[in-house]
Amino acid sequence: VLSSIEQKETNKDNAQNVERVKGYKVKVEEELLKLCNEILGLLDNTLIPKAVNAEAKVFYYKMKGDYFRYISEFASSDPKKDAADKALEAYKQAYEVAQSDLAATHPIRLGLALNFSVFYYEIMQEPQKACEMAKSAFDEAISQ
């Protein structure tokens, strides 16, 4: 939203508003990063280590992937790549547990497939992989 406003103000050649929007955008991104990092710390230091069943592990690894995906959506350059790499790793960990321990129709497994496919589409810019993943999850679920 802020990028869209920034672009509109740039097109209007309104330098004062462009600078205001840029400043606000920096503040919002800093706050988002802080909140995401707090949640990621909670996941890494408490929730994931204490997860004992597959459902909890998949849920928390998926959540970890989601928060790194959120960071990669607004970060730029090296922080964006780092967040994307960490999101991919977390989604892969969740996917591995889900494939072996959760039914194909389990809501958490289906949610993981959806979010992981969104990650491939939006962040990795791999629409083919995203569609394959979503279709595979759907096909596996309806076959049961």
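Predicted, not measured: the structure shown is a model, and the values here were computed from it.

(A) Focus on the overall build of the protein. A tally of regular secondary structure across the protein gives six helices and zero strands. Each helix and strand of the protein, ordered N terminal to C terminal, gives the series α-α-α-α-α-α. Taken along its principal axes, the extent of the C-alpha atoms in the protein is 60 × 35 × 25 Å. Burial analysis of the protein (144 residues in total) assigns 35% to the buried set. Across the protein, every contact between residues at least 6 apart in sequence was considered, and the portion connecting residues at least 24 apart equals 56%. Accessible surface computed for the protein: about 9000 Å², of which carbon and sulfur atoms make up 54%.

(B) How the structure looks around the environment of aspartate 101. As for its position among the elements, aspartate 101 is in helix H4 (residues 77-101). C-alpha separation for the pair aspartate 101 and glutamate 55, spaced 46 residues apart in sequence, amounts to 8.1 Å. A polar atom in the side chain of aspartate 101 sits 3.3 Å from the side chain of serine 100.

(C) Examining the pattern of salt bridges more closely. In this structure the tally under the stated criterion is 10 salt bridges. Across the pair lysine 62 and aspartate 66 runs a salt bridge, and its minimum N-O distance is 2.9 Å. In this pair, lysine 62 and aspartate 66 are both assigned in helix H3 (residues 54-74), four residues apart and thus about one turn of the helix distant. The exposure class assigned to aspartate 66 is buried, which follows from its relative accessible area of 4%. One salt bridge connects glutamate 73 with arginine 69, and the closest N-O pair in it is separated by 3.4 Å. In this pair, glutamate 73 and arginine 69 both sit in helix H3, four residues apart, roughly one turn of the helix. On the basis of relative accessible area, glutamate 73 is assigned to the partly exposed category, the value being 43%. Counted as one network, the salt bridges with shared partners bring together Lys62, Asp66, Arg69 and Glu73.

What counts and what doesn't
Residues numbered from 1 in each chain as written. Predicted model: local features only at pLDDT ≥ 70, side-chain atom pairs only at ≥ 80, totals over all residues. Heavy atoms only, no water. Helix = DSSP H or I, 4+ residues; strand = E, 2+ residues; numbered from the N terminus. Buried < 20%, exposed > 50% of the residue type's maximum accessible area, 1.4 Å probe, protein only. Contact = heavy atoms within 4.5 Å. Areas by Shrake-Rupley, 256 points an atom, 1.4 Å probe, with all protein chains shown as cover. Polar contact = N/O pair within 3.5 Å; in protein donor to acceptor, adjacent residues only side chain to side chain. Salt bridge = Lys/Arg side-chain N within 4 Å of Asp/Glu carboxyl O.

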